[in-house]
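Residue strings, one per chain:
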Amino acid sequence: MAFKKVPPPSALPDSPEKLIRELPRRKIPDVLPHQGEVMRRYAALPANTSDVALQLPTGSGKTLVGLLIAEWLRRKSKERVVYLCPTNQLVHQVAEQAEEKYGLTVTSFTGGKKNYSPTDKASYTNGTHVAVTTYSSVFNSHPFFDDPDVLILDDAHAAENYVASMWSLRVEKTNAKHQSLHAALRSVLKKHINARDYVRLAGGDEGPVDWSWADKLPTPAFVAIQNEIAEILDVHVESAELHFQWATIKDRLHACHLYLSTQDILIRPLIPPTWTHSPFAKARQRIYMSATLGASGDLERLTGRRAIKRIEVPEGWDRQGVGRRFFIFPGMSLTEDDSLKLRHELMQRAGRSLVLVPSGSAADKVVESVQKSLKFQTFNAEDIEVSKKPFVAQGQAVAVVANRYDGIDFPDAECRLLFIEGLPRAVNTQERFLMSRMGANALFNERVQTRVLQAIGRCTRSLNDYSAVVVTGAELPEYLADNKRRKYLHPELQAELDFGVEQSQGTTLQDLTENFNVFLANGSEWEEVNQQIVNKRAGIEQEAFPGLGELSKAVAHEVRYQENLWQGDFDASMESAQQVLSGLNASELQGYRALWHYLAGSAAWLGSLAAASDALKSKARMHYASAKGAARGIPWLIALASYQSDQMPAEDDDSALMIQLEHVEAVLATLGTMQEGAFARREKEILDGLMSKENGPFERSQKLLGDLLGFEAGKEESDASPDPWWIAGGRCFVFEDHSGAALTSSLDATKARQAASHPNWMNTHVASSRGTRILSVLVSPVSTAHEGAIPHLGGFALWPLEEYRSWARRALTAIRAVRTKFTEPGDLAWRALAAKLFLDNDLAATKLYDILSRRLAAGILRPSK
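Residues numbered from 1 in each chain as written. Predicted model: local features only at pLDDT ≥ 70, side-chain atom pairs only at ≥ 80, totals over all residues. Heavy atoms only, no water.

1. Focus: the overall build of the chain
At step 1: Looking only at helices and strands, the chain features 34 helices and 25 strands.
At step 2: The C-alpha atoms of the chain give a radius of gyration of 30 Å, which matches the 29 Å a tight globule of 865 residues would have.
At step 3: By its C-alpha atoms, the chain is 120 × 75 × 50 Å across when sized along the principal axes.
At step 4: Counting only residues that meet the buried cut, the chain has 58% of its 865 residues in that class. (Helix = DSSP H or I, 4+ residues; strand = E, 2+ residues; numbered from the N terminus. Rg over C-alpha atoms; globule rule 2.2 N^0.38 Å. Buried < 20%, exposed > 50% of the residue type's maximum accessible area, 1.4 Å probe, protein only.)

2. Details of the sheet that holds strand β8 (residues 257-261)
At step 1: On the basis of which strands lie adjacent, the open sheet formed by four strands has the order β6-β9-β8-β7 and antiparallel pairing. Since the sheet does not close on itself, it has two edges, and those belong to β6 (169-172) and β7 (214-217), each with one partner. Averaged over neighbouring strand pairs, the angle between their axes works out to 20° when direction is ignored.
At step 2: As paired elements, β8 and strand β9 (residues 264-268) share four bridges and run antiparallel to each other. (Pairing = 2+ DSSP bridges. Axes fitted to C-alpha atoms, helices over the stretch in contact; angles between N-to-C directions.)

3. Looking at helix α25 (residues 570-582)
At step 1: Here α25 is 13 residues long and its end C-alpha atoms lie 18 Å apart, about the 18 Å a rise of 1.5 Å per residue gives.
At step 2: Where α25 is concerned, the buried positions are Phe570, Ala572, Ser573, Met574, Ser576, Ala577, Val580 and Leu581.
At step 3: Residues of α25 that are buried make contact with α24 (548-566), α26 (590-611) and α27 (614-630). (Expected span 1.5 Å × (residues − 1). Contact = heavy atoms within 4.5 Å.)

4. Some remarks on the sheet that holds strand β23 (residues 784-785)
Note on sheets: strands pair through backbone hydrogen bonds, and any given pair is parallel or antiparallel.
At step 1: If you walk across this open sheet you meet the three strands as β21-β23-β25, and the pairing is parallel. Whereas interior strands pair on both sides, the edge strands pair on one side only; in this sheet they are β21 (746-747) and β25 (862-863).
At step 2: Here two bridges tie β23 to β25, and the two strands are oriented parallel to one another. Following the sheet pairing, Ala785 is matched in β25 by Pro863.

5. Points about the packing of aromatic side chains
At step 1: A full pass over the atoms with the stated rule returns 39 aromatic pairs.
At step 2: With 5.6 Å between their ring centres and 75° between their planes, Tyr116 and Phe144 make a pair best called edge-to-face. One end of the pair, Tyr116, is in the loop between β3 (106-109) and α4 (118-125); the other, Phe144, is in the loop between β4 (130-134) and β5 (150-153), with 28 residues separating them in the sequence. Per residue, the accessibility class of Tyr116 equals that of Phe144, and both read buried.
At step 3: A connected cluster of aromatic rings, assembled from ring pairs, spans Phe698, Phe711, Trp726, Phe733, Phe735, Trp799, Tyr804, Trp807 and Tyr849.
At step 4: The aromatic ring of Tyr198 is capped on one face by Lys190, whose charged end is 4.9 Å from the ring centroid.
At step 5: For Arg343, the ring lying beneath its charged end belongs to Phe419, and the centroid distance is 5.5 Å. (Phe/Tyr/Trp six-rings, centres within 6.5 Å; stacked < 30°, edge-to-face > 60°. Lys NZ or Arg CZ within 6 Å of the ring centre and 35° of its normal.)

6. Concerning the nonpolar core
At step 1: One finds Leu480 and Trp596 to be the most contacted residues of the largest nonpolar core, which totals 137 residues.
At step 2: Looking at this core, the element that brings in the most residues is α26, giving 11 residues.
At step 3: In this structure, Val777, Ala808, Ala811 and Ala834 belong to the second largest nonpolar core, which totals 47 residues. (Core = buried A, V, L, I, M, F, W, Y, C linked by side-chain atoms within 4.5 Å.)

7. Regarding the side chain of Thr133
At step 1: Of note, Thr133 is situated in strand β4.
At step 2: Polar side-chain contacts of Thr133 include one of 2.8 Å to the side chain of Ser137.
At step 3: Among all residues touching Thr133, those that are not within four sequence positions of it are Val82, Tyr83, Leu84, Cys85, Val91, Phe109, Tyr116 and Phe145. (Polar contact = N/O pair within 3.5 Å; in protein donor to acceptor, adjacent residues only side chain to side chain.)

8. Description of the pattern of salt bridges
At step 1: Taken as a whole, this structure holds 60 salt bridges when the rule is applied.
At step 2: Between Arg324 and Glu492 there is a salt bridge whose closest N-O contact spans 2.7 Å. Placement of the pair is Arg324 in strand β12 (residues 324-328) and Glu492 in helix α21 (residues 491-504), with a sequence separation of 168 residues. Each member of the pair Arg324 and Glu492 is classed as buried.
At step 3: Across the pair Arg451 and Glu431 runs a salt bridge whose closest N-O atoms are separated by 2.9 Å. In this pair, Arg451 is assigned in helix α18 (residues 441-456) and Glu431 in helix α17 (residues 429-436), connecting sequence segments 20 residues apart.
At step 4: For Glu431, a relative accessible area of 1% corresponds to the buried category. (Salt bridge = Lys/Arg side-chain N within 4 Å of Asp/Glu carboxyl O.)

9. Some details on α27
At step 1: With 17 residues, α27 should reach 24 Å at 1.5 Å per residue; the first-to-last C-alpha distance of 24 Å fits that figure.
At step 2: Burial in α27 covers these residues: Leu616, Ala620, His623, Tyr624 and Ala627. The buried residues of α27 all sit within an arc of 105° when viewed along its axis, so they share a single face. Seen from the open side of α27, the exposed residues pointing more than 90 degrees away from its buried face are Asp614, Ala615 and Gly629.
At step 3: For α27, the elements touching its buried residues are α9 (219-224), α25 and α26.
At step 4: You can read the cap of α27 off the contacts: a side-chain oxygen lies 3.4 Å from the backbone nitrogen of Ala615, and it is on Ser613. (Arc of directions from axis to C-beta.)

Rendered as structure tokens:
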């Protein structure tokens, strides 16, 4: 007989955690107490609770909880349940854990829907299996999963890019398929951005300031060119393979923003309009699983929901962490060469290790180094996408993963050594703009912290797990070792970091290696040392980030603002923005308050155009003026002044200085503030070069000093080219260096002619100098000039060599002083402090220009006899 026997329905337990006992193939005896408590709290919720968030710390068994809830709901009413993961690798990892560890059968879906088998599709459609797939399988214009009953969003805190990507049109400068589109968009944008930013957008010599640069076209400017942009996109999106993204925002450009960076041009709404996407919006319930739910409403912003019911972490987890981490900060004591030796030595002793790096180029360097020095087999993210078993099967191997700080789990003995380089701060250009240009860091405090916690927890996945974490790079060591930031972390992690910093300072490569051996052995010797961490934990309290309560109360109005804007209801959108503003009063939120004045003004501006309303235009101008007044340290807001009245704004020296300080922030972030080495080496090179009589070292020190002071500093070796130039604040200083001249010598006609001709050279060859006030500056010890030089002396300023050296040393002292107070780009309190020091020491570009322009060589040099 070919008929299949259908088993009778079994009694369903009243809570998901009891389901584990009915899974005979499971490899675990039962759920842990905290897992059971979370599932009981979930089961007790009213059935009509549409959005629920479950908090389970990294490594506390979040996947098991999610899978048991999914299976319980599926069995309870044959619901279609979709379990979402950020990547294909995590889909395979979850499916493998479900089958091999928990005894659950799920169906995984990866790749395009045309590749899904009929059997797999039927298993989901008929509610016989839970579907495990990626976010992109749901968040696309034609998903197979078009009518799920329940969505479970794993790693929801990391989902912003995956969710928002459906409404994000990202034109990448280095993507061959995007190059024609990028060039066409640049041509339209050129008249709305300054020369330097256009150079950054188009490409060229890019330093740390350029790579961290992000900008946004003000809404009135964006509106003015939307038709041109739409026409360009209509022509190019098919060949650029961006037609699906364009389709989602084409008729809603008024509700989007246009961002610029050296990497891309990004068009997207502030908050993803998930309410417009039926598979997400019409699901009976959405369950968000996260290592931290936060108290600022960030989960709502990420997912476009007004309110989400939270099930907090069970009692006791506010003190107890997951596993034990031994932090090592090589840069606190070792040179770069010794740090590399330490890496190889630890890899040799651990056998298997994981390396997380911020880019593909950084990954290539690690792989090359490992293969050359250790001859270990290396694995990348693609190699372990379907299964990590090939990596785990090797006794000696290194997995090197680029730009992925979350999701990949290596519990127990699979991996005891983790290297992390770089800080996973902003993950898209919108975030980078809001952090570094709008001073809205407070909004992202929880988001960045969660990304860091995810990264450091990759190899500690259970209570009895343990892993060493070696932290390198510029930003991440500062983030983890900074007492000002550390107080917001879990007490267990604070204690681990405090211990790691103590052990990493004033030590040797041999000592660090011996300590690692003790930790790896995990014997009685480590047990004694571990007690120090436990004792530290007992006396530590975790503080809350400032402004969280106000941010949480504002989030429902923020989502309403985007909903109304999406529908073209500009009055209602402005009112929602004003509701947000009414609750943002904390001093730490001044940058975010300025942003919402801007957004309220932009909604009013759009409304004024739609209704030809002078009253709305007046409100727009009022909010734009309030935005600038809300945060003096945000130079981007000066661009709004042109929309406050019919008059173009006068030049603003304060804003020019703030732009200069934004560049200083980028350089300091690159050099790092926790370790003295990089800054001290840069300082020494500048000081040594300043004293040199040779052109090469002196000119190099001059360029480096310009970089450090926030100028766009350049140098080109070509026919008739000048020595270094500095550009900032609408001012350009182009140098002719004469440091090798004798004190008793006289300036000849050739040198004078060169100095006087430099402004013409700059206008011809350096695009970012055009439109600036260019001043040629001769740095020289001479006090006289030859007769042939006299006609040219009115064309340049003279900066006596010793005065220049004295000013440069004062500048380095000032930079050193502000560096001690620096924590991260976008800190408005730091900018206020730095601004005073820059003005007091004549470092602001506008002030320095005023001083030097009054020192024309014609009024200083005497004719030689």
